[in-house]
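Tertiary structure, described
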Amino acid sequence: MQKLLTWAAAVALGLSLGGCDAAAPPQSSTPAEDAVVETEAPDPLAGLAPGWNALEPGGDTVCSDGSPYRFFVRPADPGKLVVYFQGGGACWSGANCDPHLDPSFKQTVAPDEMTRYRGIFEFDNPENPFADYSFVVAPYCTGDVHLGDNVAAYQGPAAEAHDPHELTIHHRGIANAMAVLDWTYAHFAPSDVFVTGSSAGAIPSPYYAWLIADNYPEARIAQLGDGAGGYRRSADANISRMQQWGTMEHLAQYPEFADMPIEEFAYEDLYIAAAKRYPDIVFAEYDAAEDAVQKRFLAMAGNETTTLLDLLRANHADVRAEVGNFRTYVAGGDSHTILARPEFYTFHVNGRRVRDWVADLASYRDVEDVLCDPCAEAEVLGPTPEGGE
């Protein structure tokens, strides 16, 4: 995979090419002799290679451990764009943030990040509804579900290899995401945008769909959160996470959140606020009924549950009570996420494939809510391929 110039260097190069100091030619003395010279606007994607390109924006962007942040772009049809927010856990205490122990989040962005993805990232698959779309991927390495705006100090607990110690985590997910979006706005003018994310990337996807809609007022937009719909509100856990991440201070700039107490905030409020602002956009969620990873993170936050399906239903009801432009697909089983997995093409509920439902959503067709029954196992068409994320 070709690694591009850093963003800052690319901008500097563009400025130098566009602002040369060569002497200007003398103007024609007679207006009749003037000629109109038509020039084509430069292609904003001309510097990108086919396939995945890694860009390092620099500036305020950073991963949790202070290492550089990078994001990934795949150019294809410039009029059709997928903006994808990567998942990778979360942390909000010394115990689950400490990289020396068993951290519950992804800490850095690898140069070969995109090589492990399947599902909608299989661009040679004739069934992929996004095969000809351009992709912008916002990787995740800040432990704050892309919604942090704080540098937090934690007390790491004692472990076999070290004593108790302080550690610093850069929860700068918002700065990273905004750098990705600012680059996207400068380089794409799409007519169709599909905003999505998996796991930790699913949680902020309605908020960033709202910002993307602000910047592309003429574009058609659809949104899908993949594998994060069961995190039922919990006051104690909310206060801990939101304070460490600085999320509410950021959201308070909007009237929808300005007066919201931190203990009352729930991720569903992002869906409600975005869907109210943009009633013509369909906002959507996909989940497996008993997603084992969501159950594990709920338990880490002190919210043990035997069935995720009840929490999914309660969260869905909260959103539907406020807005009408919200749809859900709940598959059977305990798998986690679907978009980057080969099962994207084989999982179904009563013959309604996930792939077909997502394709309709992205094509702005009306989609119905889909709910497994029974939900103990996933329904699979044909043999289940190996692999996936």
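Look up a bit, the structure's there.
The sections below set out a description of the structure shown in this document. (Residues numbered from 1 in each chain as written. Predicted model: local features only at pLDDT ≥ 70, side-chain atom pairs only at ≥ 80, totals over all residues. Heavy atoms only, no water.)

1. Let's talk about the overall build of the chain
- What the chain contains, in helices and strands, is 10 helices and 14 strands.
- Out of the 389 residues belonging to the chain, those deemed buried represent 54%.
- Contacts in the chain between residues far apart in sequence, at least 24 positions, make up 75% of those at least 6 positions apart. (Helix = DSSP H or I, 4+ residues; strand = E, 2+ residues; numbered from the N terminus. Buried < 20%, exposed > 50% of the residue type's maximum accessible area, 1.4 Å probe, protein only. Contact = heavy atoms within 4.5 Å.)

2. Details of the sheet that holds strand β11 (residues 347–349)
- Taken in spatial order, the three strands line up as β12-β11-β14 in an open sheet, and their pairing is antiparallel. At either margin of the open sheet sits one strand with a lone partner, and together these are β12 (352–353) and β14 (379–380).
- Of the strand pairs in this sheet, β11 and β12 are connected by two bridges, and their pairing is antiparallel. Across the sheet, H348 pairs through a bridge with R353, a residue of β12. (Pairing = 2+ DSSP bridges.)

3. Some words on the packing of helix α3 (residues 173–187) against helix α4 (residues 205–215)
- Packing of α3 against α4 leaves a shortest axis separation of 12 Å and a crossing angle of 30°. Viewed along their axes, α3 and α4 adopt a mutual orientation that is roughly parallel. For the pair α3 and α4, the crossing hand works out as right-handed. In this structure, α3 contributes G173, I174, A177, M178, L181 and Y185 to the contact, and α4 contributes Y208, L211, I212 and N215.
- Each residue belonging to the contact of α3 with α4 can be placed in one class, and the counts come to eight nonpolar, two polar and no charged. (Axes fitted to C-alpha atoms, helices over the stretch in contact; angles between N-to-C directions. Parallel < 35°, antiparallel > 145°, perpendicular 65-115°, else oblique. Left-handed = near helix turned anticlockwise from the far one by under 90°. Nonpolar A, V, L, I, M, F, W, Y, C, P; charged D, E, K, R; others polar.)

4. Structural notes on the sheet that holds strand β13 (residues 370–371)
- Across the sheet, which stays open at both edges, the nine strands sit in the order β1-β2-β4-β3-β7-β8-β9-β10-β13 with mixed pairing between neighbours. Each edge of the open sheet carries a strand with a single partner, namely β1 (53–55) and β13.
- Sitting on the sheet, helix α9 (residues 308–320) is in contact with β9 (283–288), β10 (326–331) and β13, with an inclination near 170° to β10.
- Contacts from helix α10 (residues 354–362) reach β4 (133–138), β7 (192–198), β8 (220–226), β9, β10 and β13, with the element oriented near 145° to β8.

5. Details of the packing of α4 against helix α7 (residues 268–277)
- With their axes 8 Å apart at the nearest point, α4 and α7 run at an angle of 25° to one another. Comparing their axes, α7 and α4 come out roughly parallel. For the pair α4 and α7, the crossing hand works out as left-handed. Within the contact between the two elements, α4 uses S205, P206, Y207 and W210 and α7 uses L270, Y271, A273, A274 and R277.
- Looking at the contact of α4 with α7 residue by residue, the classes come out as seven nonpolar, one polar and one charged.

6. A word on the pairing of strand β3 (residues 77–85)
- When you tally the buried positions in β3, you get seven out of nine residues, the bulk of the element.
- In the sheet, β3 pairs with β4 via six bridges, with the strands oriented parallel. Across the sheet, D77 pairs through a bridge with Y133, a residue of β4.
- Taken together, the six bridges between β3 and β7 define a ladder with parallel strand orientation. Pairing of Y84 across the sheet is with T196, part of β7.

7. Things to note about the pattern of salt bridges
- Counted under the stated rule, the structure contains 20 salt bridges.
- Taken together, the salt bridges that share partners define one network made up of E127, R353, R355 and D356. (Salt bridge = Lys/Arg side-chain N within 4 Å of Asp/Glu carboxyl O.)

8. Looking at unusual backbone geometry
- The step from D373 to P374 runs through a cis peptide bond, and the omega angle for that step is 5°.
- Relative to the helices and strands, P374 resides in the loop between β13 and β14.
- The backbone of S199 sits at a positive phi, close to 55°, despite the residue not being glycine.
- Phi at Y364 takes a positive value of approximately 65°, unusual for a residue other than glycine.
- With respect to the secondary-structure elements, Y364 resides in the loop between α10 and β13.
- On the basis of relative accessible area, Y364 is assigned to the partly exposed category, the value being 26%.

9. Points about α7
- Within α7, eight of the 10 residues are buried, which leaves the element mostly enclosed by the surrounding structure.
- Of the residues making up α7, those classed as buried are E268, D269, L270, Y271, I272, A273, A274 and A275.
- Looking at the buried positions of α7, the neighbouring elements they touch are α4, β8, α6 (247–251), β9, α9 and β10.

10. Describing the state of the cysteines
- The tally for this structure, following the rule as stated, stands at three disulfides.
- The disulfide partner of C63 is C141, and the gap between their sulfur atoms is 2.1 Å. Of note, the bridge from C63 to C141 carries an S-S torsion of about -85° and is left-handed in sense. Here C63, found in the loop between β1 and β2 (71–74), pairs with C141, found in the loop between β4 and β5 (150–156); they are 78 residues apart in sequence, far enough to count as distant. C141 shares its class with C63; the two are buried.
- Two residues, C91 and C97, share a disulfide whose sulfurs are 2.0 Å apart. Disulfide C91-C97: the torsion about the S-S bond is 95°, which places it as right-handed. C97 shares its class with C91; the two are buried.
- When the cysteines engaged in disulfides are numbered in sequence order, the chain pairs them as 1-4, 2-3, 5-6. (Disulfide = S-S within 2.5 Å.)

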